[in-house]
Amino acid sequence: MVSLTLELKPTTIWVAFGASESFDGHAGLPRYEQGLGKLLAALQPANARVVLFTPAPVQAFPGHLSPELRDARNKDLALYAEATRAVAAKWKLPVVDLNAALA
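Residues numbered from 1 in each chain as written. Predicted model: local features only at pLDDT ≥ 70, side-chain atom pairs only at ≥ 80, totals over all residues. Heavy atoms only, no water.

A. The arrangement of the overall build of the chain in detail. Scanning the chain from N- to C-terminus turns up four helices and three strands. Its helices and strands taken in sequence order, the chain reads α-β-α-β-α-β-α from the N to the C terminus. For the chain, the spread of C-alpha atoms along the three principal axes comes to 45 × 25 × 20 Å. Here the chain, with 103 residues, has 35% of them falling under the buried criterion. Long-range pairs, those at least 24 residues apart, make up 77% of the contacts in the chain with a sequence separation of at least 6. Working note: accessible area of the chain is about 6,600 Å², and carbon and sulfur atoms make up 60% of it. (Helix = DSSP H or I, 4+ residues; strand = E, 2+ residues; numbered from the N terminus. Buried < 20%, exposed > 50% of the residue type's maximum accessible area, 1.4 Å probe, protein only. Contact = heavy atoms within 4.5 Å. Areas by Shrake-Rupley, 256 points an atom, 1.4 Å probe, with all protein chains shown as cover.)

B. How the structure looks around the nonpolar core. Formed by 16 residues in total, the largest nonpolar core has its most connected members in I13, V15, L36, L40, V50 and L52. At the level of elements, β1 (12–16), α2 (29–43), β2 (49–53) and α3 (67–91) are the ones that each hand at least two residues to this core. If you tally residues by element for this core, the top one is α2, at six residues. Apart from the residues lying within four places of it in its own chain, the contact partners of L36 are V15, F17, L52, T84 and V87. (Core = buried A, V, L, I, M, F, W, Y, C linked by side-chain atoms within 4.5 Å.)

Geometric descriptors of this kind do not, in isolation, establish any biological role.
Written out as structure tokens, the structure reads:
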């Protein structure tokens, strides 16, 4: 995926990373942060503007998830959104905080 991205010579790259990884919960945070950093390092040769997106919270839809399951899922998603914001700060990248905007 990264090699194809680099071949395309993008000027802007949007990185939405973390929703699937958040199923690993708190224990998966170090691996997530490391993986996101590795991805960002691999994208650097593109010399493109990189924008990170936090994972969005699960919305309430009738019959979708019980409130308890939704709240537990959103707690994990919030942890990964926080980690995404921290990685963005470390790399001095802009971040679109979908988790805060849609909570």
